[in-house]
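In case you want the letters, here they are:
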Number of protein chains: 2
Amino acid sequence: MQTKYLFYIIIGLLSNLTSVRAQQVIPSSKLTIQGRAFAESPGFHRVDTTKYHDLPPAVKKLYTHSAGLFVTFRTNSTKLSIDWETVDAALGNNSTPIMSRGFDAYVKESNGWRFAGVARPHLKNAESSFTVVENMEKTEKEFLLYFPLYKGLRSFQLQIDEGATFTPTVQKYDKKIIVYGSSIVHGASASRPGLAYPAKISRSINADVINMGVSGNARMELEVAKMINDIKDVDLIVMDCVPNSSPQQVKERTFAFVQELRKAHPNTPILLIESITRQIGNYDQKWKERLQEQNANFKTEYDRLVAAGYKNLFYIPTDHLIGDDYEGTVDGTHPTDVGFERMVKIIQPEIEKILDLR
Amino acid sequence: MQTKYLFYIIIGLLSNLTSVRAQQVIPSSKLTIQGRAFAESPGFHRVDTTKYHDLPPAVKKLYTHSAGLFVTFRTNSTKLSIDWETVDAALGNNSTPIMSRGFDAYVKESNGWRFAGVARPHLKNAESSFTVVENMEKTEKEFLLYFPLYKGLRSFQLQIDEGATFTPTVQKYDKKIIVYGSSIVHGASASRPGLAYPAKISRSINADVINMGVSGNARMELEVAKMINDIKDVDLIVMDCVPNSSPQQVKERTFAFVQELRKAHPNTPILLIESITRQIGNYDQKWKERLQEQNANFKTEYDRLVAAGYKNLFYIPTDHLIGDDYEGTVDGTHPTDVGFERMVKIIQPEIEKILDLR
């Protein structure tokens, strides 16, 4: 009997050994971090916040989140895994852990990037490991991997088959678009990182669409405009910054913000977008009134800018932005993938028109 | 100076006292739990699992989740808050805490239920309190409140304005539909409880659509069919139970499951739905093959049932069920609100046709 058990144990060990194939580790240092305005930002931050020390402290912290950042590479591996660490394990109550602390991957096809898989984060630990996709054909493919939206990414490495090819790539884009905004631009509450609306538009029109969203913020501080003025070769600046600006702040800051941007971007088109119609205002009269006042003031300031002779300004009103059935948000404020899909249907054609992409 | 500070402290206290208005507590016992097949189920369970002791243990546990359950009531309160406790504080990594452990509320309008707000759960404690909506006009409105989808609800109470009217209501429906299925029916990964597809269809066609989804399960065990046979006055049974059934199980169990249902529901229409096309199978060849085999076997069994003389069977293939752009799921398996919206666009017209609702 004992010999028989020993035999089964040995067979078991051998089959385990053969099923755990050796893996090739690709450190993050081999890859080019893309999707950010300032290539020299430390680690996986969007902005070198030591350089822009006059930004509000909350905004500085938010620009250490890896929202909108991604890497691309070619490999013929049959399996792709990621080990990574975020600055902490905290989660949001209105979003998925995959969106805030995970990754999603896409593969380049002749008609664009196609979804391949996600990395789901550990719910209690800042460190996670996950296999994004396996059992793939052993053909070389180009992958795009979006970083977590709502958290600083501390480190990551890829794991692919031992012996698989690996070539880091860099995407080339004809146009660069800066999207400055609130939690909605930041990505709440897309279900996964690549479904934030700047990322969706980026894949759809093949442009470098930079996510400058700062959750709970985007109150048009002049320091932010000055920072945006350091970004070179910008083809379009999107100002989706009404939601967290009080009606008074919209009134006081919109003109000055655009005026400041014009110092470095004299002719760059600027697209001003009203706040989406927050569905919490369906019955909450205070939210409803605040929203109407915010958007009315934004329109007044836009009209004042135009009257003052500013050119190349464009405007999208709140109408229909997240649809008309009241089912476009998770919580009355933050669009779901449904809300983002509807926003893109209105915003993207406007961008294509402005940039003459059609 | 001290007198002046004392004055400010008193003013501060007074203004706090007036802003914290007295609240009226409505215990859950005043309300009728709706949206479940068995009214006599204990607490907020969907099924009395002591009665159906032959169900697989995992399935029994899942039928203690409050998926699909809701209450309705009229009030003229300007504010609606909920205090509640779930069986534990655990969360999923591919869904929002609002969906798994929170509530969402709707108000009845002349053209249907309109979103009003959500209750966001505490992320670490099983006990939560949240104000769903406030600053409402003091007119009487009817509210619908969906329970958490992915957790047992232990207790809840409502808080409304002191002196506000309160009348529990019960919805009347012409049609009762049982939807038996996997995590997708259960609600993963809608952003909030009311956006699970049975709930969406329920509001849309004003039918009693019962969520019998069991995450990670729905493998067509005969014990489940026997339980469904105890449900009275059923107008339609939906079988969306392919995703977790192996190709072999689909082959072995589909015919017998329908045969069993026909013992108690001899003429009730049964709608068989293929598994959605899991987008993890875009590149994972094993998932892709498994899915094709599952659905092919399901179709074969449907054809066998029809050939054997079973009537009133209907069939929806996987084609286009979650769209064709690969952006309908959070993780390659579970539809987001986008995926559910697309599924409903195909499933609902079929249901309306079967039930002659048009």
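Being a predicted model, the structure only gives us computed values, none of them experimental.

S.K.: Explain the pattern of salt bridges to me, and be specific about the residues and the numbers.
M.R.: Using the criterion set out here, one finds 31 salt bridges over all chains in the structure. Its salt-bridge partner being Asp104 of chain B, residue Arg192 of chain B comes within 3.5 Å of it at the nearest N-O pair. Taken together, the residues span a long stretch of sequence, with Arg192 of chain B in the loop between α4 (183–186) and α5 (197–205) and Asp104 of chain B in strand β4 (residues 103–109) at a distance of 88 residues. A relative accessible area of 0% means that Arg192 of chain B is categorised as buried. Between Glu142 of chain B and Lys108 of chain B there is a salt bridge, with the nearest N and O atoms lying 3.3 Å from each other. Remark: Lys108 of chain B occurs in strand β4 and Glu142 of chain B occurs in strand β7 (residues 141–146); sequence separation between them is 34 residues. Through salt bridges with shared partners, a single network forms among Asp104, Arg192 and Arg203 of chain A together with Glu327 of chain B.

S.K.: Could you give an account of the pairing of strand β2 (residues 70–75) of chain B, with specific residues and numbers?
M.R.: Residues and elements named next belong to chain B. By the criterion of burial, β2 is predominantly enclosed, with 5 of the 6 residues buried. As defined by bridge partners, β2 adjoins β7 across 6 bridges and the pair is classed as antiparallel. Its bridge partner being in β7, Phe70 is matched across the sheet by Tyr146.

S.K.: Account for the domain arrangement of chain A, naming residues and giving values.
M.R.: All names here are of chain A. As far as domains go, chain A holds domain 1 (23–169) and domain 2 (176–354). When each unit is reduced to the centre of its C-alpha atoms, the spacing between domain 1 and domain 2 is 25 Å. In this assembly, 35 residues from domain 1 lie in contact with 32 residues from domain 2. Summed over both partners, the interface of domain 1 with domain 2 buries about 2,700 Å², with 65% contributed by carbon and sulfur atoms. For domain 1, the biggest contributors to the area lost against domain 2 are Tyr63, Asn94 and Tyr150; these three give 21% of the whole. Seen at the junction of domain 1 and domain 2, the total is 1 salt bridge.

S.K.: Got a sec to walk through the relation of the copies chain A and chain B? Specific residues and values, please.
M.R.: Rotating chain A by 180 degrees about the axis while translating it 0.0 Å along that axis superimposes it on chain B, leaving an RMSD of 0.0 Å. Accordingly, the operation relating the two chain copies is best matched by a two-fold axis. The share of interface residues of chain A whose copies in chain B are also at the interface is 100%, consistent with both copies meeting through the same surface.

S.K.: How would you summarise helix α8 (residues 285–307) of chain A if you had to cite specific residues and measurements?
M.R.: Residue and element names in this part refer to chain A. In a regular helix each residue adds 1.5 Å, so 23 residues correspond to 33 Å; α8 covers 33 Å between its end C-alpha atoms and thus fits that length. Restricting attention to buried positions, one finds in α8 the residues Leu291, Gln294, Asn295, Asn297, Phe298, Glu301, Tyr302 and Leu305. The elements touched by buried residues of α8 are β12 (236–240), α7 (247–264), β13 (270–273) and β14 (313–316). At the N-terminal end of α8, a side-chain oxygen is found 3.0 Å from the backbone nitrogen of Lys286, two or three residues along, and the residue is Asp284. Looking at the residues trailing α8, positive phi occurs at Gly309, about 100 degrees.

S.K.: Tell me about unusual backbone geometry, and name the residues and values.
M.R.: Residue and element names in this part refer to chain A. Between Ala188 and Ser189 the backbone carries a cis peptide bond, its omega angle lying at 5 degrees. Turning to its location among the elements, Ser189 is positioned in the loop between α4 (183–186) and α5 (197–205). Positive phi outside glycine occurs at Asn135, with the angle close to 60 degrees. Checked against the element boundaries, Asn135 lands in the loop between β6 (127–133) and β7 (141–146). Not every positive phi belongs to a glycine, and Met220 is a case in point at roughly 55 degrees.

S.K.: Tell me about the environment of Phe314 of chain A, and name the residues and values.
M.R.: By the element assignment, Phe314 of chain A lies in strand β14. Separated by 37 residues in sequence, Phe314 of chain A and Ile351 of chain A have C-alpha atoms that sit 9.5 Å apart.

S.K.: An account of the sheet that holds strand β3 (residues 80–86) of chain A is needed here, citing residue identities and associated values.
M.R.: All names here are of chain A. With antiparallel pairing, the 4 strands of this open sheet are ordered in space as β1-β8-β3-β6. With partners counted over all chains shown, the strands left at the sheet margins are β1 (23–27) and β6, one partner each. Neighbouring strand axes in the sheet, compared pairwise and without regard to direction, differ in orientation by 25 degrees on average. Sheet topology places β3 next to β6; 6 bridges connect them, and they run antiparallel. Bridge pairing in β6 links Asp83 to Ser129.

S.K.: Can you lay out the packing of α5 of chain A against helix α9 (residues 337–354) of chain A for me, pointing to particular residues and giving the numbers?
M.R.: Residue and element names in this part refer to chain A. Where α5 meets α9, the axes come as close as 10 Å, and the angle between the chain directions of the two elements is 50 degrees. With respect to α9, the axis of α5 lies oblique. In terms of crossing hand, the pair formed by α5 and α9 is right-handed. From α5, Tyr197, Lys200, Ile201, Ser204 and Ile205 reach across to α9, where they touch Phe340, Glu341, Met343, Val344, Ile347, Gln348, Ile351 and Glu352. Across the contact of α5 with α9, the residue classes break down as 8 nonpolar, 2 polar and 3 charged.

The rules we used
- Residues numbered from 1 in each chain as written.
- Chains lettered and ligands numbered in written order.
- Predicted model: local features only at pLDDT ≥ 70, side-chain atom pairs only at ≥ 80, totals over all residues.
- Heavy atoms only, no water.
- Salt bridge = Lys/Arg side-chain N within 4 Å of Asp/Glu carboxyl O.
- Helix = DSSP H or I, 4+ residues; strand = E, 2+ residues; numbered from the N terminus.
- Buried < 20%, exposed > 50% of the residue type's maximum accessible area, 1.4 Å probe, protein only.
- Pairing = 2+ DSSP bridges.
- Domains from an automatic or database assignment.
- Contact = heavy atoms within 4.5 Å.
- Buried area = accessible area lost by both parts, 1.4 Å probe.
- Least-squares fit on C-alpha atoms with pLDDT ≥ 70 in both.
- Expected span 1.5 Å × (residues − 1).
- Polar contact = N/O pair within 3.5 Å; in protein donor to acceptor, adjacent residues only side chain to side chain.
- Axes fitted to C-alpha atoms, helices over the stretch in contact; angles between N-to-C directions.
- Parallel < 35°, antiparallel > 145°, perpendicular 65-115°, else oblique.
- Left-handed = near helix turned anticlockwise from the far one by under 90°.
- Nonpolar A, V, L, I, M, F, W, Y, C, P; charged D, E, K, R; others polar.

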